Amino acid sequence: MHSDPMEGHTAKAFDGALTQLRLHTVGMGGLVIDQVSTAVRALLDADAALAQTVLSRELQVNEMERAVDREAFELIALHQPVAGDLRMATAVSRITVELERVGDESKKIARFASRMASGEPQGPVRAVARYLQHMAELTSGMLRDAVRALDESDSDLADQVRARDSELDAEFAAALRQLLTLAMQDQRNLGVTIDTVFALKGLERIGDHAKNIAEQVVFIASGRDMRHKKAVGRASA
Amino acid sequence: METAVANEDAARNAPNSTPQSGSATPRVSIAVDDTRKVRTLNVKAAVDNLSFYYGQHRALKNLTIPIAERQVTALIGPSGCGKSTFLRCFNRMHDLQPDTRYEGSITLHPDNLNLVGAGVDPIEVRMRIGMVFQKPNPFPKSVFENVAYGLRLRGLRNRATLAEEVEKALRGSALWDEVKDRLQDSALALSGGQMQRLCIARALATTPEILLFDEPTSALDPIATAKIEELISTLRDQVTVLIVTHNMQQAARVSDYTAFMYLGELIEFDEAAKIFTNPAKKATEDYITGRYG
């Protein structure tokens, strides 16, 4: 069970610290979601400027991770939270790690996009553009809902995010088959093909991070530890 | 440790205090975490349907709690919830007040003595159940005499045995090294923390089966508090401890089991680790997280 986050503590400073912690984590989530979609757009359009945007914002993501983690640490030291509040503080620390890794995956895709913009052959990316686009939409959607679930302490929404990960895995497998066929037909672009596989794998990993965030939200909201458990139920999106 | 399948909700929210028969100290099972795992505890005292009245006022309402043997059970709840009233039932302190009444039972094991039974002598109960109060209350006597007092009451006269028992109790309360050279000094010359440990030694000297603590550190500084908490942790090897505290962190630190009470009722009883990480009831969560009132 979880106390309604809108219901205040007797100590208002504690309320303020918890609210700030949640808002800053959600804010970091917003930036990271934009990193994913911008990086994939940069790749699909071979757009150097967009890729550079992602790379320069990566420092901001890292700084946010440090700041939110410090806030969670101080909240534990100064307010000695228990029960739902303690779960929030510890889970937020884990969530920032997941978000930072999503930022790292976006950075790698952006670096690949930079190389594409500087004249690398576009065949492999073109061949799986539809998959890249779709996987970017899926991962962004999963991340958006995971962060919204955190903001609203909504474990049902978080459960749905967990269930959607398998769809992403299926897309990744299909894209991989497509690339393998291409590589067997034309081996001249093997280097770019491998980079494209890494980009697809990066998106698949981002889905895992979204799922991990959703698991932490379930933990905050209900105290249930969902790690290493199979998601049940139907994906609604 | 035994495991048994029990109804999780029923076990957690209303512990089965009808003990399994046939053993000296009966056992009950309570569910732990969100799995079907249960933990079995040995019951030193089974509180069953206990109600207590001050005149017409019903201060405790049908409490049912197993008090685990040689474990620390903490009672928490807002002021006026009845936790001190509950504690005082165990050594019949209420009998000193007129117009009070018990219903239900507190069965002390292994000899099935109902502590609040009408035919049970409160003096006999107090011989077996020790108590330490909020403010240290040593007798205006020497350190030695404070600890020896209860032993003398029980008829112990032999000087050598008395000295031996006094030393044992003072060692048990982690005070011996600090007072061994001043046993004949007045107890009132000790520091607050030392006086409280002396009171614990006084209670320990008569080898009680249960030791009751009523906010034992609320008048002490943080270092003296830490010493008492450490002492309570070590005492669980020899005695069953029941502690009332307003300090939530203290309950979390020292207790194995925690009971949350509100308006004379038991709201939730569980392992302390469960109560302080994921309580089952919203009222418990609100209280321990400071959202209460």
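First, a word on what this report is: a plain description of the structure on this page.

Parameters at a glance
Residues numbered from 1 in each chain as written. Chains lettered and ligands numbered in written order. Predicted model: local features only at pLDDT ≥ 70, side-chain atom pairs only at ≥ 80, totals over all residues. Helix = DSSP H or I, 4+ residues; strand = E, 2+ residues; numbered from the N terminus. Buried ≥ 20, exposed ≤ 12 C-beta atoms within 10 Å, placed from the backbone. Contact = placed C-beta atoms within 7 Å. Rg over C-alpha atoms; globule rule 2.2 N^0.38 Å. Pairing = 2+ DSSP bridges. Axes fitted to C-alpha atoms, helices over the stretch in contact; angles between N-to-C directions. Parallel < 35°, antiparallel > 145°, perpendicular 65-115°, else oblique. Left-handed = near helix turned anticlockwise from the far one by under 90°. Nonpolar A, V, L, I, M, F, W, Y, C, P; charged D, E, K, R; others polar. Expected span 1.5 Å × (residues − 1). Core = buried A, V, L, I, M, F, W, Y, C linked by C-beta atoms within 7 Å.

### Description of the overall build of chain B
Here is step 1: Across its full length, chain B carries 11 helices and 11 strands.
Here is step 2: The buried share of chain B, reckoned over its 293 residues, is 46%.
Here is step 3: For chain B, the share of sequence-separated contacts (at least 6 apart) that also reach a separation of at least 24 residues comes to 66%.

### Brief notes about the overall build of chain A
Here is step 1: Looking only at helices and strands, chain A has 7 helices and 0 strands in total.
Here is step 2: Along chain A, from the amino end to the carboxyl end, the secondary structure elements read α-α-α-α-α-α-α.
Here is step 3: Relative to the globule expectation of 18 Å for 237 residues, the C-alpha radius of gyration of chain A, 19 Å, shows essentially globular dimensions.
Here is step 4: Each principal axis of the C-alpha atoms in chain A carries an extent, and together these give about 65 × 40 × 20 Å.
Here is step 5: Among the 237 residues that make up chain A, the fraction classed as buried is 48%.

### Focus on the sheet that holds strand S8 (residues 210-214) of chain B
All names here are of chain B.
Here is step 1: Spatially, S7-S8-S9-S4-S10-S11 is the arrangement adopted by the 6 strands of the open sheet, whose pairing is mixed. Each edge of the sheet is formed by a strand with only one pairing partner; in this case those strands are strand S7 (129-132) and strand S11 (265-271). Put simply, the sheet's adjacent strands are angled 20 degrees from each other on average, direction ignored.
Here is step 2: Along the sheet face, helix H7 (residues 192-205) touches S7 and S8 and points at about 175 degrees away from the line of S7.

### Examining the packing of helix H1 (residues 12-45) of chain A against helix H2 (residues 48-79) of chain A
Residues and elements named next belong to chain A.
Here is step 1: In contact at an axis separation of 9 Å, H1 and H2 are set at 160 degrees when each is read in the N-to-C sense. Classified by the angle between their axes, H1 and H2 sit roughly antiparallel to one another. Crossing hand, H1 versus H2: left-handed.
Here is step 2: Of the residues contributing to the contact of H1 with H2, the split by class is 18 nonpolar, 8 polar and 5 charged.

### So, the interface of chain A and chain B
Here is step 1: Listed by partner, the interface residues are 16 residues for chain A and 17 residues for chain B.
Here is step 2: Residue contributions to the side of chain A that touches chain B peak at 4 residues, all from helix H3 (residues 83-117) of chain A.
Here is step 3: Of the residues belonging to the side of chain A that touches chain B, the class tally is 6 nonpolar, 7 polar and 3 charged.

### Some words on H3(A)
Owing to its 3.6 residues per turn, the α-helix aligns residues three or four sequence positions apart on the same side.
Residue and element names in this part refer to chain A.
Here is step 1: The end-to-end C-alpha distance of H3, which contains 35 residues, comes to 51 Å, matching closely the 51 Å that a straight helix rising 1.5 Å per residue would cover.
Here is step 2: Counted residue by residue, H3 has 26 buried out of 35 residues, so it is predominantly covered.
Here is step 3: Phi turns positive one or two residues past the end of H3, at glycine 119, with a value near 105 degrees.

### A word on unusual backbone geometry
Here is step 1: Cis rather than trans, the peptide bond between His109(B) and Pro110(B) has omega equal to 10 degrees.
Here is step 2: Relative to the elements of secondary structure, Pro110(B) occurs in the loop between strand S5 (100-108) and strand S6 (113-114).

### Re the nonpolar core
All names here are of chain A.
Here is step 1: By size, the foremost hydrophobic cluster in this structure holds 148 residues, and its most contacted members are Leu43, Ala146 and Val217.
Here is step 2: Sort the elements by how many residues they give to this core and H3 lands first, with 14 residues.
Here is step 3: In this structure leucine 43 touches Ile109, Phe112, Ala113, Met116, Val125, Leu132 and Ala199, once residues within four positions along its chain are discounted.

### Observations regarding the pairing of S11(B)
All names here are of chain B.
Here is step 1: In terms of burial, S11 is largely enclosed, as 6 of its 7 residues are buried.
Here is step 2: The pairing of strand S10 (residues 257-262) with S11 spans 6 bridges and is antiparallel. Bridge assignment links alanine 259 to a residue of S11, and that residue is phenylalanine 269.
Here is step 3: Taken together, S10 and the strand that follows it, S11, pair antiparallel across an intervening segment of 2 residues, in which leucine 263 is found at a positive phi of about 50 degrees.

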